[in-house]
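# Observations on the model geometry
For reference, the chains in residue letters:
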Amino acid sequence: MQETLSRIREEKPLVHQITNYVTVNDAANITLYWGGLPVMADAKEEVAEMVQAAQALVLNIGTLNQRQVSSMIKAGKQANRSGIPVILDPVGVGATTFRTETARRILDELQVAVIKGNQGEISILAEGQGEVRGVESVGDYEELVANAQGLAAAEEAVVVVSGTKDIVTDGETVYKVNNGHPLLGEIVGTGCMLGSTLGVFTGVSDDYLAASLTAVTAYGIAGEIASKKASKPASYKTAFMDSISELTDETVINHEEITKL
Amino acid sequence: MQETLSRIREEKPLVHQITNYVTVNDAANITLYWGGLPVMADAKEEVAEMVQAAQALVLNIGTLNQRQVSSMIKAGKQANRSGIPVILDPVGVGATTFRTETARRILDELQVAVIKGNQGEISILAEGQGEVRGVESVGDYEELVANAQGLAAAEEAVVVVSGTKDIVTDGETVYKVNNGHPLLGEIVGTGCMLGSTLGVFTGVSDDYLAASLTAVTAYGIAGEIASKKASKPASYKTAFMDSISELTDETVINHEEITKL
Amino acid sequence: MQETLSRIREEKPLVHQITNYVTVNDAANITLYWGGLPVMADAKEEVAEMVQAAQALVLNIGTLNQRQVSSMIKAGKQANRSGIPVILDPVGVGATTFRTETARRILDELQVAVIKGNQGEISILAEGQGEVRGVESVGDYEELVANAQGLAAAEEAVVVVSGTKDIVTDGETVYKVNNGHPLLGEIVGTGCMLGSTLGVFTGVSDDYLAASLTAVTAYGIAGEIASKKASKPASYKTAFMDSISELTDETVINHEEITKL
């Protein structure tokens, strides 16, 4: 565990996000609540210039279109040149050929630091890496871990699988994070906001595995704290966002439920 | 009245929505809170493929542009081939030629299951169907009913007119729904969210008239319940969203104020 | 001080906004909560027609792209012809060449009634007007006032600089507004919502300086009132939005902290 939160609030990393228009407001707010600064530019005329001022780049394909994909590649190449982390959130990969091809293209053309997805998304991306053993494998925790590890190794990236028990791995070491709350699954945008969170945390640390592990854990703990204040989804979302803004390293360290597999 | 809510929560209909970027987050959340699953794809490369996985398609022209309109037509044609309901929310029709032509084009090229609009929007669309008797007719309830019926008959669709007293008609039978609360008119997005709601409800029932009637009634009742918890618009919105998530068929049946005209 | 709020609630000005997709929902809601009517059209096919029905036009370059910029120019020219105020919110100007060139192009091709920015944005725009004395000048209040005045004079516009102490000037008269609350800086969208607010207020008054001054003051007072109800950002945002909806001219007059410099 790193004392990342205090560093975020000191350094205020600028997180450039090319993301979907469904959850973009949540993504911007959570970035700010953690202590980072969000910027959401996606025009080809400016993404390369914008990313040069940033400490991390988040690519989220939730409502992708051809124009946006070109901007993602352009921004990503500049991020790679600048040595800042690229976080890929392959929303809905596998649902359409366009999404699958775009996610693969991003992984082929860019060096991605962190890939974050749910069980289905990570399994789809692991396919072709010889790690998926049929669609029915989704849900089997052991096979999911193998898929995540395979994908991480193949892409030389940290892989984060969100779910009841989150997985964080760099292909070798595998962590299981038990923090979190079922209510997080009952509001739109918690997946996307975790992607933004990974941008904020890797934006202040070169150790992407440790930063991702801390990010996932802190996020889950904020979700637990919020569940004590609200039980219905819209109120819970407000409580969750509030919890983010006042979370401290101490709380994270005291409440983490991380297991090294 | 159908016991639709329990069915929604069992079947979790996927509702594909091509919609405006103003209220898209609300549309996604309300879909989830009812028990459905939202997906917001609008790229021409993927809409036809995405809609094949869906149980309903919502088309909302709130911030339309040429690219999005092409995707709407493409997705709509596939929805027609697949036999899933298409819900049209003709936001702002009549305000510009582009909106009016687009709404008409959608009605001409697609078989729409439900058309939902406010009084002005429905009256505009009824025009040319020989049912509008001058712009001054807007506000006159009897003429509005005639307009809704005429449009429904001409388009072989269910027509929902939102307002103080909602109208739901298939051209023959006409229902008036007295449920609802004035505060729903004081927040942005309640019209769009009703469109998403119609997608969720028709996504689990082949009887689009009954499903639309239940949807409109349940929506209004959630609005009434929320008014007991909050009286200012932003708080009311949170209370309304929370109410949606815990509404039951029993509550709907006990509180419905439906009149068959 | 004008009794603007009662006039807004009577006249319900339609405020056409071409804005970013990050805060567009907030912009629409705050417009409605003040008593105005928001419309968010940005397609080149309809902007000129839509703006003809509006009482003000807000141009916000937060997530600009080429398609949107063309629509801004087109809508702006029609707004000028119609004699309604154009409000420019040059979000992030200076961060990229594209943003800077777009903001300059808007100022060159349109007659802008109000330019609203933070200290950095206004200083960037004042550059080339011979009023910026180096980037280090940002933060120095006196130089900021000189920059705002210079820009206002050069563009024949009202300039609003948001910050701890807001500045409102037409180039000659300069007002400092001490109302506001630090929590406004801890949520995403308060800058954009101030832009929408300026649209609403100038939409009911020909005296753009007085209307802007009242808008900035009322906005800050709503922020103060909200701070008594919530201290964490997400809850504060809800409280702030609620405060807007029930603010009266009387409250504004009683709480204003305006100094004429």
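All of these numbers come straight from a predicted model, not from anything done at the bench. (Residues numbered from 1 in each chain as written. Chains lettered and ligands numbered in written order. Predicted model: local features only at pLDDT ≥ 70, side-chain atom pairs only at ≥ 80, totals over all residues. Heavy atoms only, no water.)

## Considering the interface of chain C and chain A
- Contacts between the two partners involve 22 residues from chain C and, on the opposite side, 25 residues from chain A.
- In total, chain C and chain A occlude about 1900 Å² of area from one another, counting both sides; carbon and sulfur atoms represent 54% of this.
- It is Tyr21(C), Val188(C) and Lys232(C) that lose the most area in chain C upon contact with chain A, and together they represent 30% of the buried surface on that side.
- For the pair chain C and chain A, the number of links is two salt bridges. (Contact = heavy atoms within 4.5 Å. Buried area = accessible area lost by both parts, 1.4 Å probe. Salt bridge = Lys/Arg side-chain N within 4 Å of Asp/Glu carboxyl O.)

## With respect to the sheet that holds strand β1 (residues 14-18) of chain B
All names here are of chain B.
- Across the sheet, nine strands lie side by side as β2-β1-β3-β4-β5-β6-β7-β8-β9; this open sheet has mixed pairing. Two strands in the sheet have a free side with no partner beyond their single neighbour: β2 (37-39) and β9 (258-260). The sheet shows a mean angle of 20° between the axes of neighbouring strands, direction not considered.
- Each of β5 (114-118), β6 (158-162), β7 (166-169) and β8 (174-177) is contacted by helix α7 (residues 141-155), which is oriented at about 30° to β7, the strand it contacts most.
- Most of the contacts of helix α8 (residues 190-202) go to strand β4 (residues 86-89), to which it runs at about 170°, and overall it touches β1, β3 (56-60), β4, β5 and β6. (Pairing = 2+ DSSP bridges. Helix = DSSP H or I, 4+ residues; strand = E, 2+ residues; numbered from the N terminus. Axes fitted to C-alpha atoms, helices over the stretch in contact; angles between N-to-C directions.)

## Focus: the UniProt feature "binding site: ATP" (unreviewed entry) in chain A
Residue and element names in this part refer to chain A.
- As annotated by UniProt and renumbered to match this structure, "binding site: ATP" (unreviewed entry) occupies Lys-116 and Ser-162. Considering the C-alpha atoms alone, the annotated residues occupy 47 residues of sequence yet fold into one spot, their largest mutual distance being 7.3 Å.
- Structurally, the position occupied by Lys-116 is in strand β5 (residues 114-118).
- Excluding residues within four positions of it along the chain, Lys-116 makes contact with Leu-88, Asp-89, Pro-90, Ile-122, Val-160, Gly-191, Leu-194, Gly-195 and Leu-198.
- Of note is the side chain of Lys-116, whose polar atom sits 3.4 Å from the side chain of Asp-89. (UniProt positions renumbered as here; feature names shortened; annotations may be inferred. Polar contact = N/O pair within 3.5 Å; in protein donor to acceptor, adjacent residues only side chain to side chain.)

## Considering the UniProt feature "binding site: substrate" (unreviewed entry) in chain A
Residue and element names in this part refer to chain A.
- Cross-referencing UniProt, the feature "binding site: substrate" (unreviewed entry) maps to Met-40 and Gly-189 in the present numbering.
- The residue Met-40 is located in the loop between β2 (37-39) and α3 (47-51) in this model.
- Mapped onto the fold, Gly-189 is located in the loop between β8 (174-177) and α8 (190-202).
- Those residues in contact with Gly-189 that sit more than four places away from it in its chain are Thr-23 and Tyr-219.

## What to know about the relation of the copies chain C and chain A
- You can overlay chain C on chain A at an RMSD of 0.0 Å; the transform is a turn of 120° with a shift of 0.0 Å along its axis. In symmetry terms, the pair is related by a three-fold rotation axis. Among all C-alpha atoms of chain C, that of Tyr21(C) lies closest to the rotation axis, at 3.6 Å. (Least-squares fit on C-alpha atoms with pLDDT ≥ 70 in both.)

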